[in-house]
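Architecture and fold: a report
Here are the chains, one letter per residue:
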Amino acid sequence: MAWTQYEAVARDGDLVQLLGKRHKSHIIRLRAGAVFQTHRGELRHDDIIGKPWGTRLVSHTGSPFFLMRPGLSDLITQIKRNTQIMYPKDIGYIVMIMGIGPGVRVLEAGTGSGALTTAFAYLVGDSGKVISYERREQMQNLARNNLRNLDLLDRVELKSGDILDGFDERDMDAIFLDIPNPYDYIPQVKASLKLGGFLGTILPTTNQVSRMLAALYADDFAFIEVCEIMLRFYKPDYERLRPTDRMVAHTGYLVFARSVMERPVDDLSDNTMEENNVS
Ligand SMILES: C[S@@+](CC[C@H](N)C(=O)[O-])C[C@H]1O[C@@H](n2cnc3c(N)ncnc32)[C@H](O)[C@@H]1O
């Protein structure tokens, strides 16, 4: 049964989150007879199975843990990784803009550790499909294990190879590129994306964004949008409410575009942030 189908209490086989002191999070799969071990002591899975969500559990050394269903953001930030991964703040906006939801067919490159793949697979449901290209076998194996651990592998087709050779698929609803040089693959994207489909990418520097824009304007892409997502956390103290001391200042710039039959001539002036998104 898929991990998203939870009942009122934690069952054998469920993916659960144990939240300890200072929000320390552990995500584990419950297995009858198994033991969860941390430096804050042990918890027997048998003592967790059957407990309602939100239950306060205590390890054998007296440390408290709360039993929770993991959120998508928890699953993504805690996956095993060998690469830079995409973060929830960016993924959240990407999936909104690119219309990722049940039944959608989305393609991505590169797979990396599979963080973005996880979010896509979660959202497309059993009726959708994620196709993910990766040129390094070692990365693909890691992503495969990560997806299998989350019961999401059935929704994903992992493909080996360099996207320089193009994609096998046609008529994709959306394509996302998280690779260093996405601007070199615009013809490959164009060939595989539905007309009207969404292209998205993330780039760490502005000069890469400029190269991306030049490549998009040289092909039939329109409704181009460039943005970055800033997220600021606050200390949740109602008597001294203020921002946390540190924040992630930069992850990357997001660039989105739509595939069209013929690019409008006034593209540059027509698609500013002011007109598109500020409301
Ligand atoms: C930053 S990682 C992707 C991280 C991923 N989005 C995640 O959230 O875990 C970039 C990956 O793209 C792969 N890659 C780079 N260029 C590629 C290409 N031309 N074809 C296929 N994969 C490529 C790299 O091997 C690397 O694993």
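Please read these numbers as outputs of a predicted model, since none were measured by experiment.

Conventions used here
- Residues numbered from 1 in each chain as written.
- Predicted model: local features only at pLDDT ≥ 70, side-chain atom pairs only at ≥ 80, totals over all residues.
- Helix = DSSP H or I, 4+ residues; strand = E, 2+ residues; numbered from the N terminus.
- Contact = placed C-beta atoms within 7 Å.
- Buried ≥ 20, exposed ≤ 12 C-beta atoms within 10 Å, placed from the backbone.
- Domains from an automatic or database assignment.
- Nonpolar A, V, L, I, M, F, W, Y, C, P; charged D, E, K, R; others polar.
- Axes fitted to C-alpha atoms, helices over the stretch in contact; angles between N-to-C directions.
- Left-handed = near helix turned anticlockwise from the far one by under 90°.
- Pairing = 2+ DSSP bridges.

A few words now on the environment of Ala121. Looking at where Ala121 falls in the secondary structure, it is placed in helix α3 (residues 115-124). Placed 141 residues apart in sequence, Ala121 and Glu262 show a C-alpha to C-alpha distance of 31 Å. If sequence neighbours within four positions are ignored, Ala121 has contacts with Val130, Leu147, Leu152, Arg155 and Val156.

Burial of α3 is extensive: nine of the ten residues sit out of reach of the surface. Inspection of α3 places Ala115, Leu116, Thr117, Thr118, Ala119, Phe120, Ala121, Tyr122 and Val124 among the buried residues, and these make up the whole buried set. Directly beyond the C-terminal end of α3, a positive phi value near 70° is found at Gly125.

With that settled, consider the domain arrangement of the chain. Taken domain by domain, the chain consists of domain 1 (15-70) and domain 2 (73-276). Across the boundary between the two partners, domain 1 contributes five residues, which contact four residues of domain 2. Elements supplying a minimum of two residues to the side of domain 1 that touches domain 2: β1 (15-19) and β2 (25-29). In terms of residue class, the side of domain 1 that touches domain 2 is built from three nonpolar, two polar and no charged.

For the pair α3 and helix α4 (residues 137-149), the least separation of the axes is 10 Å and the interaxial angle reads 35°. As α3 packs across α4, the resulting crossing turns out to be right-handed. For the pair α3 and α4, contact is made by Thr117, Thr118 and Ala121 and by Ala143, Asn146 and Leu147, respectively. Split into classes, the residues belonging to the contact of α3 with α4 amount to three nonpolar, three polar and no charged.

Note on placement: Glu42 falls in strand β4 (residues 41-44). Distance in space between the C-alpha atoms of Glu42 and Ser59 is 5.1 Å, their sequence separation being 17 residues. Those residues in contact with Glu42 that sit more than four places away from it in its chain are Val35, Phe36, Gln37, Ser59 and His60.

Strand pairs in the sheet, formed through backbone hydrogen bonds, run parallel or antiparallel to each other. One open sheet holds the seven strands; their spatial order is β9-β8-β7-β10-β11-β15-β12, and the pairing between them is mixed. On the outer flanks of this sheet lie β9 (156-160) and β12 (221-227), each paired with one strand and no other. For this sheet the average axis-to-axis angle between neighbouring strands, irrespective of direction, equals 15°. Pairing of strand β7 (residues 105-109) with strand β10 (residues 172-177) involves four bridges; the strand directions are parallel. From the neighbouring strand, Val106 faces β10, where its bridge partner is Ala174. Along the sheet, α4 contacts β8 (129-134) and β9; its crossing angle with β9, the most-contacted strand, is approximately 170°.

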